[in-house]
Amino acid sequence: MINSAVIKEDYVIRQVPGNLVSDMAGEKVMLSIENGKYYNLGEVGGDIWGLLSKPISIQNLILTLQSQYEIDLTECEQQVTIFLNQLLKEGLVQVEAP
């Protein structure tokens, strides 16, 4: 499992079990049972969280979001990487090298 904030596109990422997620006015909010913190994932973050319910490569995650939101690939990669690093730092996801 990867513990650092350095992740690569071919790595596989998934949710850490034990979080409660709810939809509030189109945005996802989450309570981490492990650390007792609340998180507002927002609309796009909620979509990303949903895609992480099953193991997915970061590359496939980025491509899925890029087509869904019609965003420039480079911009999508940057924003998704920032978001995933935040989730990783909070212990909300697991990242594994292929």
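Above this text you will find the structure in question.
Computed from a predicted model, the values in this text were never measured in an experiment. For every chain, the first residue of the written sequence is number 1, and numbering continues from 1 onward in sequence order. Predicted model: local features are reported for residues with pLDDT of at least 70 only, side-chain atom pairs are reported and counted for 80 or more only, and whole-chain, interface and lining totals are derived from all residues. For the side-chain quantities, the full set of heavy atoms in the structure was used; hydrogens and water were omitted.

K.L.:
Explain the overall build of the protein to me, using residue names and the numbers behind them.
P.N.:
Only runs of H or I of at least four residues qualify as helices and only runs of E of at least two qualify as strands under DSSP, and these elements are numbered from the N terminus. The helix and strand tally for the protein stands at three helices and six strands. Put simply, the protein runs from its N terminus to its C terminus through helices and strands in the order β-β-β-β-α-β-α-α-β. Its C-alpha atoms give the protein principal-axis dimensions of roughly 35 × 30 × 20 Å. The buried share of the protein, reckoned over its 98 residues, is 35%. Working definition of accessibility: Shrake-Rupley area with a 1.4 Å probe, residue cover restricted to the visible protein chains. Carbon and sulfur atoms make up 52% of the accessible area of the protein, which amounts to about 6,000 Å² in all. Classification of residues uses two cut-offs on accessible area relative to the type maximum, computed with a 1.4 Å probe and protein chains only: under 20% is buried, over 50% is exposed, and between them is partly exposed.

K.L.:
Summarise the sheet that holds strand E5 (residues 56–57); cite the residues concerned and give the values.
P.N.:
In this analysis, strands are considered paired if DSSP registers two or more bridges between them. Read from one edge to the other, the open sheet built from three strands follows the order E5-E1-E6, with strand pairing classed as antiparallel. Every interior strand has two partners, whereas the edge strands, E5 and strand E6 (93–96), have only one. Inspection of the sheet shows strand E1 (residues 12–15) paired to E6 by four bridges, in the antiparallel sense. Paired with glutamine 15 across the bridge in E6 is valine 93.

K.L.:
Tell me what's going on with the nonpolar core, and back it up with residues and numbers.
P.N.:
Among the buried residues, those of types Ala, Val, Leu, Ile, Met, Phe, Trp, Tyr and Cys that are joined through side-chain atoms within 4.5 Å form a nonpolar core. Of all hydrophobic cores here, the largest spans 23 residues; its most connected members are Leu52, Leu84 and Leu87. Where this core is concerned, the elements lending two or more residues are strand E4 (38–41), helix H1 (42–51), helix H2 (58–69), helix H3 (73–89) and E6. With six residues, H3 is the largest single contributor of residues to this core. Excluding residues within four positions of it along the chain, leucine 84 makes contact with Ile7, Ile13, Ile48, Leu52, Ile58, Leu61 and Val93. We call two residues in contact whenever any of their non-hydrogen atoms come within 4.5 Å of each other.

K.L.:
Describe in detail the side chain of serine 57, supporting the description with residues and values.
P.N.:
The topology assignment puts serine 57 in strand E5. In protein, a polar contact means a hydrogen-donor-capable atom and an acceptor-capable atom, both N or O and within 3.5 Å, with residues adjacent in sequence counting only if both atoms are side-chain atoms; elsewhere, any N or O pair within 3.5 Å suffices. Here the side chain of serine 57 touches asparagine 60 through a polar contact of 3.0 Å, landing on its backbone nitrogen. If near-sequence neighbours (up to four positions away) are discounted, serine 57 is found in contact with Glu9, Tyr11 and Val12.

K.L.:
Account for the sheet that holds strand E2 (residues 19–24), naming residues and giving values.
P.N.:
Taken together, three strands build an open sheet; the order of strands is E2-E3-E4 and the sheet is antiparallel. Two strands bound the open sheet, and with one partner strand each, they are E2 and E4. Here the average twist between neighbouring strands, direction ignored, is 25 degrees. In the sheet, E2 pairs with strand E3 (residues 27–32) via six bridges, with the strands oriented antiparallel. Residue methionine 24 lies in a different strand from E3, and its bridge partner there is glutamate 27. In this description, a line fitted to the C-alpha atoms serves as the axis of each element, helices being fitted only across the stretch in contact, and the angle between N-to-C directions of two axes falls anywhere from 0 to 180 degrees. Strands E2, E3 and E4 of the sheet are contacted by H1, whose axis makes an angle of about 100 degrees with E4.

K.L.:
How would you sum up unusual backbone geometry? Please name residues and give values.
P.N.:
The backbone of alanine 25 sits at a positive phi, close to 55 degrees, despite the residue not being glycine. Assignment of secondary structure puts alanine 25 in the loop between E2 and E3. We note that glutamate 70 has phi near 50 degrees; this positive angle belongs to a residue other than glycine. Mapping glutamate 70 onto the fold places it in the loop between H2 and H3.

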